[in-house]
Amino acid sequence: MTQSRYERNVKITLTELVLEGILGLPPDPRGVIVFAHGSGSGRLSPRNNFVARHLQQNGFATLLLDLLTPDEAEDRRNVFDIDLLADRLLLTKSWLEQEPRTKKLGVGYFGASTGAGAALQAAARKPSNIRAVVSRGGRPDLAETYLPSVAAPTLLIVGGWDEPVIEMNRSAFELLSCEKKLIIVPGATHLFEEPGTLEQVASHACAWFLQHHY
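Residues numbered from 1 in each chain as written. Predicted model: local features only at pLDDT ≥ 70, side-chain atom pairs only at ≥ 80, totals over all residues. Heavy atoms only, no water.

Visitor: Give a detailed account of the pattern of salt bridges, specifying residues and quantitative values.
Guide: Evaluation of the coordinates by the stated rule reveals ten salt bridges. A salt bridge links glutamate 72 to arginine 88, with the nearest nitrogen and oxygen atoms 2.8 Å apart. Remark: arginine 88 occurs in helix α3 (residues 82-98) and glutamate 72 occurs in helix α2 (residues 70-73); sequence separation between them is 16 residues. The pair glutamate 72 / arginine 88 is uniform in exposure class, with both members buried. (Salt bridge = Lys/Arg side-chain N within 4 Å of Asp/Glu carboxyl O. Helix = DSSP H or I, 4+ residues; strand = E, 2+ residues; numbered from the N terminus. Buried < 20%, exposed > 50% of the residue type's maximum accessible area, 1.4 Å probe, protein only.)

In structure tokens, the structure reads:
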């Protein structure tokens, strides 16, 4: 996948753990958005990359990240280990707060699939400097016990034809006590592969991050 002119490969080293990432840094970024994906190749997700490019064009730094190592990703159970994924997000947040290029920036989370549950758990556990959270086709229900503690403004985006996930998001929405919004994109399935639907996701996500303290 061709990188944008703003993007560089990074390795986030945490003791013996090394996570692969792609850091996108436009000039004078207004904040940094961390992408949380449940699979082991989240940084290469074409949908996340599409949204990241849109955010970069609107002045946001982005960090596309593999929350699992290649060995861990081979075990499908790890994709649903929300505690593990949230731990990795919190370690990444600490890295961003020490990295000279990003340490002064407010942080947002963009979670897809099970990564959305991890993002919400991480936002609840360490809320400092978390400005907003966006979930795309996510499983916020997997962070159910943490949802009432989420303080960051949270946007849930679901495809209109993704009926089981719509219900999961509606239930999770009721548990959130922060500023919140649920958007259902008409004619979209779980992966937002239909023409124009991913563009709507990117537009809604960008507007949400712009609205909240950036």
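From this point on, the discussion continues.
Visitor: Report on the layout of surface pockets, specifying residues and quantitative values.
Guide: A volume near 220 Å³ is recorded for the largest pocket. Forming the walls of the largest pocket are 15 residues, and the residues nearest its centre are His37, Arg76, Ser113, Thr114 and His190. (1 Å grid on protein atoms, 1.4 Å probe; cavity = no way out; pocket = protein on both sides within 12 Å on 5 of 7 lines; lining within 4 Å. Points joined across faces, edges and corners; volume = space filled by probe spheres on them.)

Visitor: An account of the pairing of strand β3 (residues 32-37) is needed here, citing residue identities and associated values.
Guide: Counting buried positions along β3 gives six out of six residues, so the element sits mostly inside the fold. Judged by which residues are buried, β3 turns out to be covered on both faces: Val32, Val34 and Ala36 on one side and Ile33, Phe35 and His37 on the other are all buried. Looking at chain direction, β3 and strand β4 (residues 61-65) are connected through four bridges and run parallel. The residue of β4 that forms the bridge with isoleucine 33 is threonine 62. Where β3 and strand β5 (residues 107-112) come together, six bridges link them in parallel fashion. Looking across to β5, one finds that valine 34 is bridged to tyrosine 109. (Pairing = 2+ DSSP bridges.)

Visitor: Explain the side chain of glutamate 194 residue by residue, including any values.
Guide: Within the secondary structure layout, glutamate 194 lies in the loop between β8 (180-185) and α6 (197-211). One buried charge, glutamate 194, has no salt-bridge partner; the nearest side chain with opposite charge is arginine 47, at 9.4 Å. Residues contacting glutamate 194, with those up to four places away along its chain left out, are Gly187, Ala188 and Thr189. (Lys, Arg positive; Asp, Glu negative; His and termini not counted. Contact = heavy atoms within 4.5 Å.)

Visitor: Can you break down the environment of valine 51 residue by residue, with the values?
Guide: Within the secondary structure, valine 51 sits in helix α1 (residues 46-57). Assessed through its relative accessible area of 0%, valine 51 is described here as buried. Put simply, valine 51 and phenylalanine 110 are 59 residues apart on the chain and 9.4 Å apart in space, counted from C-alpha to C-alpha. Ignoring anything within four residues of it in the chain, the contact list for valine 51 reads Phe35, Phe110, Leu198, Val201 and Ala202.

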